[in-house]
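Single-letter residue listing:
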Amino acid sequence: LGPSEKHTVYEAEIVATILGMELLRQAPLCAQHASIGLDNMAAIQASASRSPGAGRYLTDIFHAALRDLKRSRPGLHLTLRWVPGHTAVAGNEAADAAAKEAAQGLSSDARLLPRSLR
């Protein structure tokens, strides 16, 4: 996404859901239940909304990815769940560390990202 001077934590959390959708797309055996944990309630609430607001272009990308995934896996039930931030939840701590690296310019090669995030 880029440095924190240009983007918000809220935007980064929505991008994380989009990247989570890409991981699910690449995991064909995950066909019934999947869960993405976020430590930002605003991002979770925005993912359920279609109303205008900050980061709307990102929630539109999330909804498109969800539609595509549901089309290929109609029985998939996706849950976005809140996890407490900064409380030693292993996966969340790893995600926070990766987000800090990305903010410092140490992110993935653009060719490896979903086309919608390039």
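These numbers were taken from a predicted model, which means no experiment stands behind them.

K.L.:
Just to check I follow, could you spell out the overall build of the chain for this structure?
P.N.:
Helix and strand content of the chain: 4 helices and 2 strands. Across the 118 residues of the chain, 31% fall into the buried class. For the chain, the accessible area works out to roughly 7600 Å², and carbon and sulfur atoms hold 59% of it.

K.L.:
I keep staring at the layout of surface pockets and nothing clicks. Help me out?
P.N.:
A water-sized probe rolled over the atoms picks out the places where empty space is left. Its boundaries defined by the atoms lining it, the second largest pocket holds a volume of some 220 Å³. Lining of the second largest pocket is provided by I18, M21, E22, R25, I61, A64, A65, D68, L69, S72, P114 and S116. Of all the secondary structure elements, the ones that give two or more residues to the lining of the second largest pocket are α1 (9-25) and α3 (56-72). Top contributing element to the lining of the second largest pocket by residue count: α3, with 6 residues.

K.L.:
Quick question: what am I supposed to make of the nonpolar core here?
P.N.:
In a soluble, globular protein the nonpolar side chains are often hidden away together inside. Membership of the largest hydrophobic core comes to 21 residues, with the highest contact counts inside it found for I18, M21, L24, I36, L58 and L78. Among the elements that take part in this core, α1 stands out by supplying 6 residues, more than any other. The residues contacting L24, other than those within four sequence positions of it, are C30, A34, I36, L69, R73 and L78.

K.L.:
Please clarify how the packing of α1 against α3 should be interpreted in this entry.
P.N.:
For any two helices packed against each other, the geometry is given by the interaxial angle and the distance between the axes. Remark: α1 packs on α3, axes separated minimally by 9 Å, with the N-to-C direction vectors making an angle of 15°. It follows that α1 is roughly parallel to α3 by the angle criterion. The two elements α1 and α3 meet at a crossing, and its hand is left-handed. Residues E11, I14, V15, T17, I18, M21, L24 and R25 of α1 touch α3, and the partners they reach there are Y57, L58, T59, I61, F62, A65, L66 and L69. For the contact of α1 with α3, the per-class residue count stands at 12 nonpolar, 2 polar and 2 charged.

K.L.:
Whenever I open this one, the pattern of salt bridges confuses me. Can you help?
P.N.:
Between side chains of opposite charge, pairing is possible as soon as their charged atoms come close. Scanning the entire structure with this criterion turns up 3 salt bridges. A salt bridge links R25 to E22, with the shortest nitrogen-to-oxygen separation between them at 2.6 Å. In this pair, R25 and E22 are both assigned in helix α1, 3 residues apart and thus about one turn of the helix distant.

K.L.:
For this particular structure, what's the right way to read the side chain of T17?
P.N.:
Tracing the backbone shows T17 in helix α1. Of the residues examined, T17 reaches a relative accessible area of 2% and is grouped as buried. Setting aside anything within four residues of it in sequence, one finds T17 in contact with I36, L38, F62 and L80.

K.L.:
Quick question: what am I supposed to make of the side chain of T59 here?
P.N.:
Counting through the fold element by element, T59 comes out in helix α3. Taking the relative accessible area as the measure of exposure, T59 reaches 4% and is therefore buried. Filtering out sequence-adjacent residues up to four positions away, T59 remains in contact with I14 and A46.

Here is what the cut-offs are and how they apply
- Residues numbered from 1 in each chain as written.
- Predicted model: local features only at pLDDT ≥ 70, side-chain atom pairs only at ≥ 80, totals over all residues.
- Heavy atoms only, no water.
- Helix = DSSP H or I, 4+ residues; strand = E, 2+ residues; numbered from the N terminus.
- Buried < 20%, exposed > 50% of the residue type's maximum accessible area, 1.4 Å probe, protein only.
- Areas by Shrake-Rupley, 256 points an atom, 1.4 Å probe, with all protein chains shown as cover.
- 1 Å grid on protein atoms, 1.4 Å probe; cavity = no way out; pocket = protein on both sides within 12 Å on 5 of 7 lines; lining within 4 Å.
- Points joined across faces, edges and corners; volume = space filled by probe spheres on them.
- Core = buried A, V, L, I, M, F, W, Y, C linked by side-chain atoms within 4.5 Å.
- Contact = heavy atoms within 4.5 Å.
- Axes fitted to C-alpha atoms, helices over the stretch in contact; angles between N-to-C directions.
- Parallel < 35°, antiparallel > 145°, perpendicular 65-115°, else oblique.
- Left-handed = near helix turned anticlockwise from the far one by under 90°.
- Nonpolar A, V, L, I, M, F, W, Y, C, P; charged D, E, K, R; others polar.
- Salt bridge = Lys/Arg side-chain N within 4 Å of Asp/Glu carboxyl O.

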